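Structure at a glance
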Amino acid sequence: MIFKLMKNEFFLEKKSSFNLLYISFFAISCLMFLLFSFPLAKIYDSTVFAGFFWIIISLSTIKLIENSFAREKDYNIYDLIYSSKIDLNMIYFAKIFSLSLIMLGVQFIIFFGYLIFSNLSFSIILNLILLSLVANFGLLSFGILIFLLTNTNTSKSFLFPVIFFPLIIPILINASNILFGIIVGDMSTLYIESWLILLTFALTGILLGINLFERLIKQ
């Protein structure tokens, strides 16, 4: 069932104008604006890239979540999906998995561009994939819940990012630490602690989603 729900999410993503290509263009454009605000010598600095990368990914997460629910309403299937007999937790996990894979595609595009221009080894790709998936689960699980909490307010487009960003600061900081550690090959204590914190946030977000998604979607 979950694969059918994911297939439906990808089908709507394909039909939408806010697809992987547009989100990738948005992410790369933001990254370029931020990087070129620094001196030329700093553009390929690993610390600068690691920090800005996760800021851009968090902005892309907001767009992906908003677009995911907006598509369902645009095609008039929102009420049909959430009033059906399907277990809503299955829908929640389908959203998490499908949006995480879309986000992974965006991250790959940025990663490969950076790896090519910085002459880094492609052997770090597996570590980057693992980092991205864990961080994505944390960002998306919290993002979906916060979106649903603010969805009933007329100022939801403003409240969503305002509430979202303070809560995900630990995810962004520790994901940046891990990304920097992967790039420079640093397996320090800070690197290991950052992994544990990131995993904790991902698991916490998923557990909250299991308990709150059904209540929030029906409010």
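Rules of the game
- Residues numbered from 1 in each chain as written.
- Predicted model: local features only at pLDDT ≥ 70, side-chain atom pairs only at ≥ 80, totals over all residues.
- Heavy atoms only, no water.
- Helix = DSSP H or I, 4+ residues; strand = E, 2+ residues; numbered from the N terminus.
- Buried < 20%, exposed > 50% of the residue type's maximum accessible area, 1.4 Å probe, protein only.
- Contact = heavy atoms within 4.5 Å.
- Areas by Shrake-Rupley, 256 points an atom, 1.4 Å probe, with all protein chains shown as cover.
- Core = buried A, V, L, I, M, F, W, Y, C linked by side-chain atoms within 4.5 Å.
- Polar contact = N/O pair within 3.5 Å; in protein donor to acceptor, adjacent residues only side chain to side chain.
- Patch = residues over 30% accessible without salt bridge, like charges linked within 9 Å, V, L, I, M, F, W, Y side chains within 5 Å.
- Salt bridge = Lys/Arg side-chain N within 4 Å of Asp/Glu carboxyl O.
- Phe/Tyr/Trp six-rings, centres within 6.5 Å; stacked < 30°, edge-to-face > 60°.
- Lys NZ or Arg CZ within 6 Å of the ring centre and 35° of its normal.
- Expected span 1.5 Å × (residues − 1).
- pLDDT = per-residue confidence, 0-100.

On to the overall build of the protein chain. Looking only at helices and strands, the protein chain has 8 helices and 0 strands in total. Going from N to C terminus, the protein chain has its helices and strands arranged as α-α-α-α-α-α-α-α. Every one of the 219 residues in the protein chain was classed for burial, and the buried ones make up 48%. Taking contacts inside the protein chain between residues at least 6 apart in sequence as the whole, the part at least 24 apart equals 79%. Per element, the accessible surface of the protein chain, about 11,100 Å² overall, is 71% carbon and sulfur.

Membership of the largest hydrophobic core comes to 59 residues, with the highest contact counts inside it found for Trp54, Leu131 and Leu179. For this core, the secondary structure elements donating two or more residues are helix H2 (20–35), helix H3 (46–74), helix H5 (88–118), helix H6 (125–150), helix H7 (156–184) and helix H8 (189–217). The element that contributes the greatest number of residues to this core is H6, accounting for 14 residues. What Trp54 contacts, discounting residues up to four positions off in sequence, is Gln107, Leu131, Ser132, Ala135, Asn136, Leu139, Leu172, Ala175, Ser176 and Leu179.

Before going further, it helps to examine the side chain of Ser100. Note on placement: Ser100 falls in helix H5. The contacts of Ser100, once residues within four sequence positions are left out, are Lys95, Leu133, Asn136, Phe137 and Leu140.

Residue placement: Ser141 occurs in helix H6. At 3.1 Å, the side chain of Ser141 forms a polar contact with the backbone oxygen of Gly138. Beyond its immediate chain neighbours, meaning those up to four positions away, Ser141 contacts Tyr92, Ile96, Ala202, Gly205 and Ile206.

Moving on, we get to a nonpolar patch on the surface. A grouping of Phe158, Val162, Ile163 and Leu167 is seen on the molecular surface, where their side chains present a nonpolar patch of about 370 Å² in accessible area. With respect to the helices and strands, Leu167 occurs in helix H7. Looking at Leu167, the relative accessible area reads 42%, which means it is partly exposed.

This part covers the environment of Leu59. Residue position: Leu59 is located in helix H3. Considered as a pair, Leu59 and Cys30 are 29 residues apart in the sequence and their alpha carbons are 9.2 Å apart. Not counting chain neighbours up to four residues away, the residues in contact with Leu59 comprise Phe26 and Phe165.

Scanning the entire structure with this criterion turns up 11 aromatic pairs. The side chain of Lys95 reaches across the aromatic face of Phe69, ending 4.5 Å from its centre.

The terminal C-alpha atoms of H6 lie 36 Å apart, and with 26 residues this matches the ideal 38 Å at 1.5 Å per residue to within 8%. Along H6, 20 of the 26 residues are buried, which leaves the element largely enclosed by surrounding structure.

In this section: the confidence of the model for the protein chain. Within the protein chain, residue pLDDT values average 78, and 74% of them lie at 70 or more. Per-element mean pLDDT across the protein chain ranges from 65 in helix H1 (residues 2–15) up to 89 in H6.

Tracing the chain through its elements places Phe137 in helix H6. Exposure remark for Phe137: the relative accessible area of 16% places this residue in the buried category. Distance in space between the C-alpha atoms of Phe137 and Ile96 is 6.7 Å, their sequence separation being 41 residues. Sequence-distant contacts of Phe137, defined by excluding residues within four places in its chain, comprise Ile96, Phe97, Ser100, Ala202 and Ile206.

For the rest of this paragraph, the subject is the environment of Ser60. The topology assignment puts Ser60 in helix H3. Taking relative accessible area as the criterion, Ser60 reaches 0% and is therefore assigned buried. Along the sequence, Ser60 and Ile23 sit 37 residues apart, while their C-alpha atoms lie 6.6 Å from each other. Setting aside residues up to four positions removed in sequence, Ser60 forms contacts with Ile23, Phe26, Ala27 and Met103.

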